[in-house]
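# Secondary and tertiary structure notes
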Amino acid sequence: MKVDLYEKIWMWGVTGMLVLFFGSMANGALTANRHPPSHVETIDPMAVMKDPRFATQGVRVDADGRVHAWIIGLTFTWLPAEMTLPADTPITFHVTAVDVTHGFHIVRTNGQTMVLPGYISQFTTQFAAGEYLVACNEYCGIGHHNMAGKLVVVPAAEWSAPGSAAVAPGPDAVVVVAGEEAGHEGH
Ligand code: CUA
């Protein structure tokens, strides 16, 4: 089969680009843990505030001890606008919108999802300690550029779930554990 020189150049060019784009995507998935939010869960956008899942927004710990963040996007703010989270702990974000499409973007992390009325976007990620800016990255109206939030990530040992008493053991508990180890375990 005879293929023109220019046609060959274009074919190899296109092949090279496909390899480059796919390689870039695979690299992001494997080295930076970037994945599409793939969970499909729906909600009545007119009743988000009354929905038990979102009636109180913010951080909750489930029965298995996993940390969840429930967030509502509305023009032009995130509810809650600020959250304190434990470092190096998987956190599952559940984000929905009550009005128009927003973009929940935790800047300089792999945490990012489009937020659509009627759907709950979900992703799980974890952070090193520090402060993170949450920006809206879908144009949503005149106040879009002001739609920002903040995540304060503290070392897990310093974090306690909202609504629960401090869980760090007191000095007495440490003494008892040390005594048990020395006295009964014998190693
Ligand atoms: Cu919300 Cu842009």
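These lines cover the structure that appears in this document, whether it is placed above or below. Since we're looking at a predicted model, the values are computed, not measured.

Attention now moves to the sheet that holds strand β4 (residues 82–86). Paired through backbone hydrogen bonds, the strands of a sheet run either parallel or antiparallel to each other. Reading across the sheet, the five strands line up as β4-β10-β9-β6-β7 and stay open at both edges, with mixed pairing between neighbours. Here the strands that pair on one side only, and so sit at the sheet edges, are β4 and β7 (112–115). Strand-to-strand twist across the sheet, computed as the mean angle between neighbouring axes with direction ignored, equals 20°. The pairing of strand β6 (residues 102–106) with strand β9 (residues 130–136) spans three bridges and is antiparallel. Bridge pairing in β9 links H105 to A135.

Bringing unusual backbone geometry into the picture now. Cis rather than trans, the peptide bond between T75 and F76 has omega equal to 0°. Mapping F76 onto the fold places it in the loop between β2 (67–74) and β3 (77–79). Between L79 and the following residue, P80, the backbone shows a cis peptide bond with an omega angle of -5°. Position of P80 among the secondary structure elements: in the loop between β3 and β4. Look at D88: it is not a glycine, yet its phi comes out positive at around 50°. Relative accessible area serves as the criterion here: at 57%, D88 is assigned to the exposed category.

A few words on the pattern of salt bridges. Tallied over the full model, the rule gives six salt bridges. Residue D51 is joined to R53 by a salt bridge in which the shortest nitrogen-to-oxygen separation is 2.9 Å. A relative accessible area of 13% means that D51 is categorised as buried. Owing to a relative accessible area of 24%, R53 belongs among the partly exposed residues under this scheme. Ionic pairing is found between D64 and R66, a salt bridge with its closest N-O pair at 3.2 Å. Like R66, D64 is exposed. Connected through salt bridges with shared partners, the residues E41, D51 and R53 form a single ionic network.

Let us look at the pairing of strand β5 (residues 91–97). Counting buried residues in β5 gives seven out of seven residues, a clear majority hidden from the surface. Where burial is concerned, the two faces of β5 agree: the one with I91, F93, V95 and A97 and the one with T92, H94 and T96 are both buried. Bridging between β2 and β5 involves seven bridges; their strand directions are parallel. By the bridge assignment, H68 is partnered in β5 with T92. Pairing of β5 with strand β8 (residues 121–125) involves five bridges; the strand directions are antiparallel.

Procedures and definitions
- Residues numbered from 1 in each chain as written.
- Predicted model: local features only at pLDDT ≥ 70, side-chain atom pairs only at ≥ 80, totals over all residues.
- Heavy atoms only, no water.
- Pairing = 2+ DSSP bridges.
- Helix = DSSP H or I, 4+ residues; strand = E, 2+ residues; numbered from the N terminus.
- Axes fitted to C-alpha atoms, helices over the stretch in contact; angles between N-to-C directions.
- Buried < 20%, exposed > 50% of the residue type's maximum accessible area, 1.4 Å probe, protein only.
- Salt bridge = Lys/Arg side-chain N within 4 Å of Asp/Glu carboxyl O.

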